[in-house]
Each structure stands twice: as C-alpha cells, then as structure tokens.
Amino acid sequence: MSILVCGALAYDTLFSFHGRFDSQILPDQLHKISTTFLAPTMRREFGGMAGNIAYSLCLLGETPIVMGVVGEDFEPYRQHLKRAGVDDRFIRLIRKQYTSQCFGIADKDGNQLMAFHPGAMDFAIENHVSDIPDPIELAILSPGGYSAFLQHSKELAAAGIPFIFDPGQELPLLSRDEIHEIVELASYVAINDYESELMRERAGLSVEDLRKKVEALIVTRGSKGAEIYVGDTVHLIPRVQMPIKPVDPMGCGDAFRAGLLYGISRGLDWKITGRLANVIGAIKVTTPGCQNHFFDWESLKDLYQQAYGEPWPL
C-alpha cells in the first residue's frame, strides 16, 4: 500500500538584500514605484509542498507516490526526487511550460517580497486519482492549483481513500461552501495557527467545529508546538529544543506533515505521531532550503529521546 502526495512541485529562487527595503522605497511614491535591490547572495532550491513532504517521507523509508504537474525545466528536480526514493510515475510533464517558480527577496530585517509563476500548475486538473493503479492507503491534499484542489478532493473521496486536507496558501482562494465541502470529504485536517483563524473567518469553522467533523484535527503553533484533536481528547505536543541554532523555517510544516503521514499510515498513537512530526520539523529548521536536511532512524530516535525524555517506543 502506498502514500499519495498531491500538490505543487516548484523551484524556489531566493535572493538576499543586505539593506532595508524602506531605504529605497518612498512611501509617497508607491503609485509609480521603480527600483532595483542589489542582491549579493542567491540560491535556488527544490520546493513545492508535494516535493517537500515526499522528500521527508523518503527519509523515513517510505516510497511515496507524487501526483503533480511540471514543465520542461523539471529534469534536475526529477533526478533529485528519484535519488531520494520518490515514485515519479504520476508527475505529468506539460510541454512548452515552466515548472512553477517562486522568486523571493528578503532584506536584513526579514521582510520579504515574493513573486509566483504557476506555470504548469495551471494544468493540474489533467491529473486524476483514477490514473493511479496502485492501492493507496492514505493521501494528503496540499496546494497545487485551485481547480485541481477541488477536483482531487472529490476523486479521493470517491475512491474511498482517506486523506489529509492541508489547505495552506490555497485557503484564501476557497469559498465558504468549498471549504465546508472538502472538510466533509476529508478524514483529517492539518492547519497552522494562522490558517485556523482564517478558517474561522472565511468558513465559520472554529477549532471546536472542525474537531467534530474529522477523525483528527492537527494545528501547528510554531514555537509553541502542536495540538492534535481526536474526539474529546487534545494531545499537546511540546516544541523540540534543538542543539543547533534554527536557520530556515521554510518547509518546516511540510516536514511535519511527513511525520503525520507516516504515523497515520502505521497506526501509531497520536501522541507518538505528533512527537515524531515535531522532531522531523525541528531537524528541517536547522538547514537552509526545504529538501537539504537529512536524518536516519538512529539519529531520529536519539533526538526523540532528548526532546521528550522517553525512548522511541517502537
């Protein structure tokens, strides 16, 4: 049985401006802004939520199936995923398109300006869950195009595949009715604290409402750890204090979700699943980029015991 990861695959090109944006942007001239930021440092990373989640699943020993769409520039990324252990058979190539691209520049205060080109992601509805002949035990529906998001939620439910609804940056695009519909179809919902407030505002669904509609609701709280709501029980998962200074939080939530998928697919206790997910997310934070971190089971068990004062129970 396999784990299916639906969502975006993207290149992230990130620049660093060593000054402050407000030194070059005049507030009273925003209507005709034209400026250039000198960016001495640049790095290009493999990204997109589907790729990020699948990468950490591979480190856990899984061979996840990724369903997404890419452009003609994807080959280096494909080879990276194959080396990691991803099943890439259902990553569809769209001719005459670029793979989704995110361009960002940050100043020395951490302010960011971002541009996103969807590219091939606009064709994500060409993928169908029914195209996959393998038996799927669990899936995650992460952002990968508005129309495809709606389509794949219905296809997963029709196929009887339990899935995690992980709305991420797709959430503001969904209407109240669409959010309610996907929640009703999903087995699990995974959101961060900001998304939980946005869910309440846009769809009228509080944490208390959501926990009654799914088997489990997972809410990540950044430095405050995470909460997992299962029935009338709330599992509080404390943060992991890493011996290494945090470097880059981007992709931390995706690494966390890989731990969730592993624990759910293995039928692990929710407390253990949440702790495992937290440890993987903490490892990711110590490395720049979303797919450059590494761990094996021995290092994972050691960190689990350091973080929670208990040996890995399995």
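As the structure is a computational prediction, the values presented were derived from the model and not from experiment.

Enquirer: Residues and numbers for the overall build of the chain, please.
Expert: Looking only at helices and strands, the chain features nine helices and 13 strands. In terms of overall dimensions, the chain is globule-like: its C-alpha atoms have a radius of gyration of 20 Å, near the 20 Å expected for 314 residues. Per-residue burial for the chain yields a buried fraction of 54% across its 314 residues. Residue pairs in contact within the chain that sit at least 24 positions apart in sequence constitute 68% of those at least 6 positions apart. Accessible surface computed for the chain: about 14,600 Å², of which carbon and sulfur atoms make up 52%. With 29 positive and 40 negative side-chain charges, the chain shows a spacing of 3 Å between the two charge centroids.

Enquirer: So what's going on with empty space enclosed by the protein? Which residues, and what values?
Expert: All chains considered together, the criterion is met by one cavity of 30 Å³ or more. Estimates place the volume of the largest cavity at around 90 Å³. Lining of the largest cavity is provided by 16 residues; of these, G7, A124, G144, A148 and H152 occupy positions nearest its centre. Elements that contribute at least two residues to the lining of the largest cavity include exactly β4 (65-70) and α3 (146-158). A breakdown of the residues in the lining of the largest cavity according to their chemical character gives nine nonpolar, seven polar and no charged.

Enquirer: How would you sum up the sheet that holds strand β8 (residues 136-141)? Please name residues and give values.
Expert: Here nine strands make up an open sheet; going across it, the order is β5-β4-β1-β8-β9-β10-β11-β12-β13 and the pairing mixed. Looking at strand neighbours, the two that pair on one side only are β5 (91-93) and β13 (233-237), the edges of this open sheet. Shown here is a sheet whose adjacent strand axes are inclined to one another by a mean of 20°, direction ignored. Relative to strand β11 (residues 216-220), strand β10 (residues 188-192) runs parallel, the two being bridged by five bridges. Bridge pairing in β11 places Y188 opposite A216. With respect to the sheet, helix α4 (residues 176-185) is in contact with β9 (163-165) and β10, its orientation differing from that of β9 by roughly 155°. Lying on the sheet, helix α8 (residues 270-285) is in contact with β10, β11, β12 (226-230) and β13; it crosses β13 at an angle near 30°.

Enquirer: Got a sec to walk through the pattern of salt bridges? Specific residues and values, please.
Expert: The tally for this structure, following the rule as stated, stands at 18 salt bridges. With a closest N to O distance of 4.0 Å, R78 and E75 form a salt bridge. Of this pair, R78 and E75 both sit in helix α2 (residues 75-84), three residues apart, which is roughly one turn of the helix. The partner of R89 in a salt bridge is D87, with the nearest N and O atoms 2.7 Å apart. Judged by its relative accessible area of 15%, D87 is buried. Sharing partners across several salt bridges, the network here consists of R20, D22 and D109.

Enquirer: With reference to specific residues and values, describe the layout of surface pockets.
Expert: The computed volume of the second largest pocket comes to approximately 160 Å³. Along its surface, the second largest pocket is lined by L14, F15, S16, R43, G104, I105, A106, Q112, D248 and M250. For the lining of the second largest pocket, the elements supplying multiple residues, two or more each, are β2 (10-16) and β6 (100-106). Taken together, the residues of the lining of the second largest pocket break down into five nonpolar, three polar and two charged.

Enquirer: Please set out the sheet that holds strand β3 (residues 41-47) residue by residue, giving values where relevant.
Expert: Strand order in this open sheet of four strands is β3-β2-β6-β7, and the pairing throughout is mixed. Both outer strands of the open sheet, β3 and β7 (112-117), are each paired with one neighbouring strand and no more. Between one strand axis and the next, the sheet turns through 15° on average, direction left out of account. In this sheet, β3 lies alongside β2 in antiparallel orientation, the contact comprising seven bridges.

Each value, and the rule that gives it
Residues numbered from 1 in each chain as written. Predicted model: local features only at pLDDT ≥ 70, side-chain atom pairs only at ≥ 80, totals over all residues. Heavy atoms only, no water. Helix = DSSP H or I, 4+ residues; strand = E, 2+ residues; numbered from the N terminus. Rg over C-alpha atoms; globule rule 2.2 N^0.38 Å. Buried < 20%, exposed > 50% of the residue type's maximum accessible area, 1.4 Å probe, protein only. Contact = heavy atoms within 4.5 Å. Areas by Shrake-Rupley, 256 points an atom, 1.4 Å probe, with all protein chains shown as cover. Lys, Arg positive; Asp, Glu negative; His and termini not counted. Charge placed at Lys NZ, Arg CZ, Asp CG, Glu CD. 1 Å grid on protein atoms, 1.4 Å probe; cavity = no way out; pocket = protein on both sides within 12 Å on 5 of 7 lines; lining within 4 Å. Points joined across faces, edges and corners; volume = space filled by probe spheres on them. Nonpolar A, V, L, I, M, F, W, Y, C, P; charged D, E, K, R; others polar. Pairing = 2+ DSSP bridges. Axes fitted to C-alpha atoms, helices over the stretch in contact; angles between N-to-C directions. Salt bridge = Lys/Arg side-chain N within 4 Å of Asp/Glu carboxyl O.

By themselves, these observations are geometric and do not establish any function.
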